[in-house]
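Residue strings, one per chain:
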Amino acid sequence: MADLSLLQEDLQEEIDGSLDFVSQDEMLTPLGRLDKYAASENIFNRQMVARSLLDTLKEVSDDERDCIAVLERISRLADDSEPTVRAELMEQVPHIAMFCQENRPSIPYAFSKYLLPIVVRYLADQNNQVRKTSQAALLVLLEQELIERYDVETKVCPVLIDLTAPDSNDDVKTEAVAIMCKMASMVGKDITERLVLPRFCEMCCDCRMFHVRKVCAANFGDICSVVGQQATEEMLLPRFFQLCSDNVWGVRKACAECFMAVSCATSQEVRRTKLSTLFINLISDPSRWVRQAAFQSLGPFISTFANPSSSGQYFKEEDGKSPEDCGSAQENSEQVRTTEDVRTEDERNRTEDLSSHVDNDDFATKLENAMEDQNTVSNNSQRESDFQTESSFHCTLSSESCGEMADENERGSHCCTAGLQEAGLNSQETSLSEQELYNSFHFWRTPLPEIDIDLELQQTSEIILDREIQELTMPVSSNIPMATRKELEEMIENLEPHIDDPDVKAQVEVLSAALRASSLDPQEETMASVGKGTDSQTELTIDDQQNFKPILGDIVPLIGDTVENMDSTIHFIHNDSDLSTNSSFSPEEERKSKVQDVVPQALLDQYLSMTDPSRAQTVDTEIAKHCAYSLPGVALTLGRQNWHCLKDTYETLASDMQWKVRRTLAFSIHELAVILGDQLTAGDLVPVFNGFLKDLDEVRIGVLKHLHDFLKLLHVDKRREYLYQLQEFLVTDNSRNWRFRAELAEQLILLLDLYSARDIYDYLRPIAFSLCADKVSSVRWISYKLVSEMVKKLYMASTSTFVVDLMNELVEKFCRCSKWSGRQTFVFICQTISEDDCLPMDQFAVHLLPHLLHLASDRVPNVRVLLAKTLKQTLLEKEYFLNSANSHQEAVEQTIMVLQMDDDSDVKYFASIHPASTKIADDAMSTASSTY
């Protein structure tokens, strides 16, 4: 017992001592407590002091002298020998600085005099943790604009420059360079150019520390963007060239990663002549890591060559635009076409002198004679004129194809001119067999309108003829085989699904003309050379073109062939992509088809090679994904007139084995559609879009998230085709993927504006009802909004009974549902319709209100609770039920009285409370989450 009593006495003494200690602290002033623990030998006590400095400063903020005293003690605490104390202090400095800024009248110049010197001094602290903390604090202070401009110039920058001196510590130097680069954008161009830029250029040439050069390379783009174009090109670019050829691959890799930012700060000329060559060197770097970074930056670098005046950033100029917008779009279109026309300007200038001797009247007369008398064999002069016409069409297909065909003409001039001479000597009239003459296209078609002959076409044709006649050197046999009918028929069959596209239709017409030409007897085909030769040449291979020319002079024209082929060819004048994508082109011509003048061709060739399977092995396994990610930017840079350069690459990426690549394209296909325009979208993107709809859910979600954005760009008829496929979005690989269905509901709300009332009722209504019965409440909530918007859309449709039918189906499917969840869904839908004013209250009272009030006797309390909320907090707030006495108002009030006497306490509560005392959305959501 004695031992127990002694223990109790000792315990009591300890408690009294601790109470005395607490009471002593309570008796001290804030400054006294600060002094007491700041002088403690216990490290944790001093850490606690640093952590509580802001609270202490707030307690004494009313007295300026006490505030100054606290700041002075902070300066003394900054000299603490323990690194953890100094680091803790530095973490509190930004908060203390903000407090001083807010109370500046009471504490003038507190930050500049007491806190900033500590931050700057800690930048050179021996402890790494303290330095890192001070660097972060300095950046926060600069970002919050708590440091005056004068202090930046006189206190911060000089210290950083000293820390980057040649004799400075290596670690400190590297960190100081990083801080200088990061603060450049915060301090502005003037300070950066005067104080930071000279030292930065020196650091780029640091021969001893590659870490310093690597930091400079990594932040090179930030410095360039701050100092501007002139300083970049005069001072920084020479340093950048040195860094790109550094011996350490990490430095070169950092240069590749910031290449786009550097390019943005230079002129177009420097970008094209210097940076493009430098980038090619990085792409072919010996280090795989450098090549990987370069290929990842290739697309962004190409995008810096974009020219808004010729990129064609408009879509469907005639639809949904104001006159001002249409005017600007037309100007852009003219600029694009002008750019294409410039490509052939030199060639036209060279041929103007030679074409001055062409007799245009004689040409027109001969063409008219060929149209009037199809069975008459013309003389040799007519055959020569016909061949000239063929040549003129041949040269006006497009700016690019003209150049390609001209080259082929020069190479094959011996064949075609010799064949022409031989055909002129052997021409005679023979009869055609009925089987060879008959073709359904000849008899089942709409005649094409007659057009006037363009003078420029005639001149160009004469030039081609003169050139070929001058180069006549050797005879060629006339029995060289042509493209077979089977090949031409296969081409036509492949294009038939896209016949709605005007360009594709023109191409089909050209192929059909070539098919007719191939069906005629060679000896009788001399007189049909007007238009025939060009049409077949357009789609035949190069060898077949040369073989086809010798027998052009023997073709007999059919009815209206001359005008037909002239019309179909004129469709091709502004079409740059049809010929270039022909599968029968040789590899050399396919390479020529990808030539453009927007970006350096070497860069584009490297970008197109990113889909090469060998790149995945030698560079990066995800290089195709990077290519897909930057493809819209590259397409925008090249413009829709150069889409043929990217088409094959896009199709390759769309069929890539990696779903991540296809997913990337799916998320950006709507943006690409805006860039390309409606015709290219319909021909090239719609098939890819259809493939994505049947892909994995990870790919389909990309299409679904922008479904409205893509469909609104399509023609109305093409858009309606997707109504049949919307139902497929309800089926997912994983039934738990409820976010997929929620996104579908969101997109359907937007799609309501794109379709007619009948389409909404026939196709979208079943999907909406299915989503309203989803297992996940988040999907149902969006679906209620969808149905309400659907009611609004159908009601606004003129002379439509669909809205009445829709409301009747709502009553039948949900209000009279055997499951209480279905009946609750009906109340939710009625509540949403009323809240969003989707239907006039008089119509709501007639079609939905009676069925809604009938649920007051529902056997499930959850339904009655939600009904009470809807009536009390939504309907009775509407003006229709407040200011007009009618039978519907009386019915609502009687129902509320019944609910107020309900057996369930929750029903009574919500039927009795005032609407303003709670939030309908919060209560309804809580009910939904607790009852499903």
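Note: the structure precedes this text.
Each value, and the rule that gives it
Residues numbered from 1 in each chain as written. Predicted model: local features only at pLDDT ≥ 70, side-chain atom pairs only at ≥ 80, totals over all residues. Heavy atoms only, no water. Helix = DSSP H or I, 4+ residues; strand = E, 2+ residues; numbered from the N terminus. Buried < 20%, exposed > 50% of the residue type's maximum accessible area, 1.4 Å probe, protein only. Contact = heavy atoms within 4.5 Å. Areas by Shrake-Rupley, 256 points an atom, 1.4 Å probe, with all protein chains shown as cover. Axes fitted to C-alpha atoms, helices over the stretch in contact; angles between N-to-C directions. Parallel < 35°, antiparallel > 145°, perpendicular 65-115°, else oblique. Left-handed = near helix turned anticlockwise from the far one by under 90°. Nonpolar A, V, L, I, M, F, W, Y, C, P; charged D, E, K, R; others polar. Core = buried A, V, L, I, M, F, W, Y, C linked by side-chain atoms within 4.5 Å. Phe/Tyr/Trp six-rings, centres within 6.5 Å; stacked < 30°, edge-to-face > 60°. Expected span 1.5 Å × (residues − 1). Arc of directions from axis to C-beta. Polar contact = N/O pair within 3.5 Å; in protein donor to acceptor, adjacent residues only side chain to side chain. Salt bridge = Lys/Arg side-chain N within 4 Å of Asp/Glu carboxyl O.

**Q** Give me the lowdown on the overall build of the chain, citing residues and values where you can.
**A** A count of helical and extended segments in the chain gives 54 helices and 0 strands. Here the chain holds 932 residues, and the buried ones make up 52% of them. Here the contacts in the chain between residues at least 6 apart in sequence split such that 75% fall between residues at least 24 apart. Summing over all exposed atoms, the chain offers an accessible surface of approximately 43500 Å²; the carbon and sulfur share of this is 50%.

**Q** Would you mind going over the packing of helix H6 (residues 83-102) against helix H7 (residues 110-122) in detail, with residue names and values included?
**A** Packed helix pairs are characterised by how far apart their axes lie and by the angle those axes make with each other. At their nearest, the axes of H6 and H7 sit 11 Å apart, and the two run at 150° to each other. Taken together, the axis directions place H6 and H7 in an arrangement best described as roughly antiparallel. Taken as a pair, H6 and H7 cross one another with a handedness that is left-handed. Along its contact with H6, which presents Arg86, Leu89, Met90, Val93, Ile96, Ala97 and Cys100, the element H7 presents Ala110, Phe111, Leu115, Ile118, Val119 and Tyr122. Its residues assigned to classes, the contact of H6 with H7 comprises 12 nonpolar, no polar and 1 charged.

**Q** Give a description of the nonpolar core that names residues and reports values.
**A** Counting 168 residues, the largest nonpolar core has Phe220, Phe240, Tyr607, Leu711, Phe826, Phe844 and Leu852 as its most contacted members. With residues up to four places along the chain from it excluded, the contact list for Tyr607 reads Leu298, Gly299, Ile302, Cys627, Ser630, Leu631, Val634 and Leu646. In terms of nonpolar packing, the next biggest core, distinct from the first, is built from 56 residues, Tyr37, Cys67, Ala97 and Leu116 among them.

**Q** Tell me about the packing of aromatic side chains, and name the residues and values.
**A** The full count for this structure, using the stated rule, is 18 aromatic pairs. On the numbers, 5.2 Å between centres and 15° between planes, the contact of Tyr784 with Phe828 is stacked. Residue Tyr784 is located in helix H45 (residues 777-796), and its partner Phe828 is located in helix H47 (residues 820-835); the two are separated by 44 residues in the primary sequence. Summarising the aromatic geometry, the rings of Tyr909 and Phe910 are spaced 5.0 Å apart at their centres and angled 75° between planes, so their arrangement reads as edge-to-face. Judged by its relative accessible area of 12%, Phe910 is buried.

**Q** How would you sum up helix H52 (residues 887-900)? Please name residues and give values.
**A** For H52, which comprises 14 residues, the first-to-last C-alpha distance of 20 Å matches the rise-based estimate of 20 Å (1.5 Å per residue) to within 8%. Buried within H52 we find Gln889, Val892, Thr895, Ile896 and Leu899. Along H52, the residues classed as buried sweep out an arc of 125° about the axis, all on the same side. Away from its buried face by more than 90 degrees, H52 exposes Ser887, Gln894 and Met897. Where H52 is buried, its residues meet helix H49 (849-854), helix H50 (861-873), helix H51 (879-882) and helix H53 (905-912).

**Q** Lay out the side chain of Asn219 with the relevant residues and their values.
**A** Position of Asn219 relative to the elements: it lies in the loop between helix H12 (210-218) and helix H13 (220-227). Residue Asn219 is classed as buried on the basis of its relative accessible area of 11%. Of the polar contacts made by the side chain of Asn219, one reaches the backbone oxygen of Val215; its length is 2.8 Å.

**Q** Mind laying out unusual backbone geometry, listing which residues take part and the relevant values?
**A** Backbone phi values are negative for most residues with the exception of glycine, while trans is the configuration of most peptide bonds. Backbone geometry places Glu145, a non-glycine residue, at a positive phi of 55°. Looking at where Glu145 falls in the secondary structure, it is placed in the loop between helix H8 (128-143) and helix H9 (149-163). Judged by its relative accessible area of 69%, Glu145 is exposed. Phi is positive for Asp837, close to 55°, though the residue is something other than glycine.

**Q** Report on the environment of Pro687, specifying residues and quantitative values.
**A** Considering the arrangement of structural elements, one finds Pro687 in helix H39 (residues 678-693). Distance in space between the C-alpha atoms of Pro687 and Glu651 is 9.7 Å, their sequence separation being 36 residues.

**Q** If you had to explain the pattern of salt bridges to someone new, which residues and values would you point to?
**A** According to the stated counting rule, one finds 34 salt bridges in the structure shown. The salt bridge partner of Arg46 is Asp80, with a shortest N-O separation of 2.6 Å. Of the two residues, Arg46 is situated in helix H3 (residues 43-51) and Asp80 in the loop between helix H5 (64-77) and H6; the sequence distance between them amounts to 34 residues. Classification of Asp80 as buried rests on a relative accessible area of 11%. Taking the shortest distance from any N to any O, the salt bridge between Asp858 and Arg823 comes out at 2.4 Å. Linking Asp858 in the loop between H49 and H50 with Arg823 in helix H47, this pair joins segments that are 35 residues apart in sequence. Comparing Asp858 with Arg823, the two get one shared label, buried.

**Q** Any chance you could break down the packing of H9 against helix H10 (residues 170-187) for me, citing the residues and the numbers?
**A** Remark: H9 packs on H10, axes separated minimally by 9 Å, with the N-to-C direction vectors making an angle of 155°. One finds that H9 runs roughly antiparallel with respect to H10. In the packing of H9 onto H10, the handedness of the crossing is left-handed. In this structure, H9 uses Arg149, Val152, Val156, Cys157, Leu160 and Leu163 to contact H10, whose residues at the interface are Val172, Lys173, Ala176, Ile179, Met180, Met183 and Val187. Looking at the contact of H9 with H10, its residues break down into 11 nonpolar, no polar and 2 charged.

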